[in-house]
Amino acid sequence: MKFEQLYEFRQLAYQCLGNAKDATFELADAVMTTRHVSCLGDFALSPLFRREWSSVYEALQDCRPDRAKLMQLYIEQMSQVERPVLAIDHTAWLRPHAPTLKERTYEHQPTALPHGIPVGIGQGYSTIAWIPSTIGSWALPLRHERITSWENPIAKGAEQLAQVCQYLQHRPIALFDSEYGCAPLVKATAAIAADKLMRIRSNRCLWSAPLSYSGKGRPKIHGQQFRLKDSQSWWEPEQTLESVKPKLGKIRLRKWNDLHFRGSPKHPMTLILVERLETVTGQFKTQPLWLVWVGLQMPPLTEIWQLYLRRFTIEHWYRLAKQTLHWTVPKLSTPEQCQRWSDLMPLVTWQLWLAKDLVREIRLPWQKSLPELTPGRVAQSMLPLLIKIGSPAVAPKRRGNSDGWPQGRPRTQRCRYPVVKKGKGRFQKSTKFVS
């Protein structure tokens, strides 16, 4: 059954690639099975790519992957899930030495850069992924799209969530990092049929619901302040739990109901504080974790904080895309080509997921055998399976040699584009607490 499911998936995905689908599909197979590359043309050396090296570049120039149909194909593979768990985040594809590439922006880069400033020049990409299991490092992207110079990650993430939810059969739970834990995201996703669980920064300030109207003046919008860093402003929580986990030690959970951001007073939230304590002294072992829940049916308090930890699998997928699937290796010349190349990353990842129980593990001499294969191990073992299952792509036909560049035709220098600096919102004075 698994073999037939993978075979049918490849056939349907092939039909969604539009023009140049034969070369594009073989390029995706080459991405799965090529371990080391230095440029895009190296994929033509793969035994699964039956065309000339120039077809690699022509594929990304001519193909038009239908992202909506591909997303629906991915969602069909998760139709049996009762309550899907989705994770939304964004990352940067840095291109500091590409002045001819349009719409480069300043992007945050968490790793160390030579100049010491965690900001690079490139393009941002937003990803919404399905987290299929409670353990492991699998994250299956449903959409992986470029954030244009006139968009921001919060608006793009809300748009992707709306696009995915209209095809889901059950109400999902969406997980967000602290950058998304703010009033604009709450308001942007209010009309979407999805529950949200997000981390918020420890310098936030929330408000309780206002008291009943006294009959004088304008009705109040906010009630009492709840400053996360100031324990004196806290009141008694609605629920408190303590438990001991084998790996984490003593965990204390506290919950407050009916709080809201200053910018979204009509959207109440549940605030959750997760503290990891020393078993003997009771002192903090790590920084506290603040979570907010916005939705209908919240999971039990003992489970919801562990559910949020599944968000980090999308970070594993970014590492997989950049290190194993060679996402950031090509030096493409237009944003459209970058997007078409990026559309292959979810397609490749879903094939790895469907093949994880079919491949026979091929590991390097120093690697240990794993009971549950990771995405990287599956990619390492895919070549024999792809040869067995075959490709829906049509074999290439000889077309002769190109005439080349016409003699006497002048070559013009490509246009250089400035780096786009995105505008900020209205000026806000710096305060100790951020709402």
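Values in this document were obtained by computation on a predicted structure and should not be read as measured data. (Residues numbered from 1 in each chain as written. Predicted model: local features only at pLDDT ≥ 70, side-chain atom pairs only at ≥ 80, totals over all residues. Heavy atoms only, no water.)

### Considerations on unusual backbone geometry
One non-glycine residue, Ala20, lies in positive phi territory at about 55°. With respect to the element layout, Ala20 can be found in the loop between helix H1 (2–15) and helix H2 (21–33). For Glu103, which is not a glycine, the phi torsion comes out positive at approximately 55°. Relative to the helices and strands, Glu103 resides in the loop between strand E1 (85–94) and strand E2 (105–108). (Helix = DSSP H or I, 4+ residues; strand = E, 2+ residues; numbered from the N terminus.)

### Examining the pattern of salt bridges
This model, assessed by the stated rule, comprises 23 salt bridges. Of the charged contacts, one joins Glu151 and Lys156 as a salt bridge, the two residues approaching to 3.8 Å between their closest N and O atoms. Given the relative accessible area of 8%, Lys156 is considered buried. The partner of Lys356 in a salt bridge is Asp357, and the shortest N-O contact between them spans 3.6 Å. Linked through salt bridges whose partners overlap, the residues forming this network are Arg67, Arg143, Glu145, Glu151, Lys156 and Asp343. (Salt bridge = Lys/Arg side-chain N within 4 Å of Asp/Glu carboxyl O. Buried < 20%, exposed > 50% of the residue type's maximum accessible area, 1.4 Å probe, protein only.)

### Quick word on helix H9 (residues 335–354)
Every α-helical turn comprises 3.6 residues, leaving residues that sit three or four positions apart pointing alike. For H9, which comprises 20 residues, the first-to-last C-alpha distance of 30 Å matches the rise-based estimate of 28 Å (1.5 Å per residue) to within 8%. Most of H9 is tucked away, with 19 of its 20 residues classed as buried. (Expected span 1.5 Å × (residues − 1).)

### A word on the side chain of Asp22
Mapping Asp22 onto the fold places it in helix H2. Buried charged residue Asp22 carries no salt bridge. Nearest counter-charge: Arg51, at 4.3 Å. Engagement of the side chain of Asp22 in a polar contact is seen with the side chain of Tyr14, the distance being 2.4 Å. Within the structure, Asp22 has its side chain in polar contact with the backbone nitrogen of Val394 (distance 2.9 Å). Apart from the residues lying within four places of it in its own chain, the contact partners of Asp22 are Tyr14, Arg51, Ala393 and Val394. (Lys, Arg positive; Asp, Glu negative; His and termini not counted. Polar contact = N/O pair within 3.5 Å; in protein donor to acceptor, adjacent residues only side chain to side chain. Contact = heavy atoms within 4.5 Å.)

On their own, these measurements won't tell you what the molecule is for.
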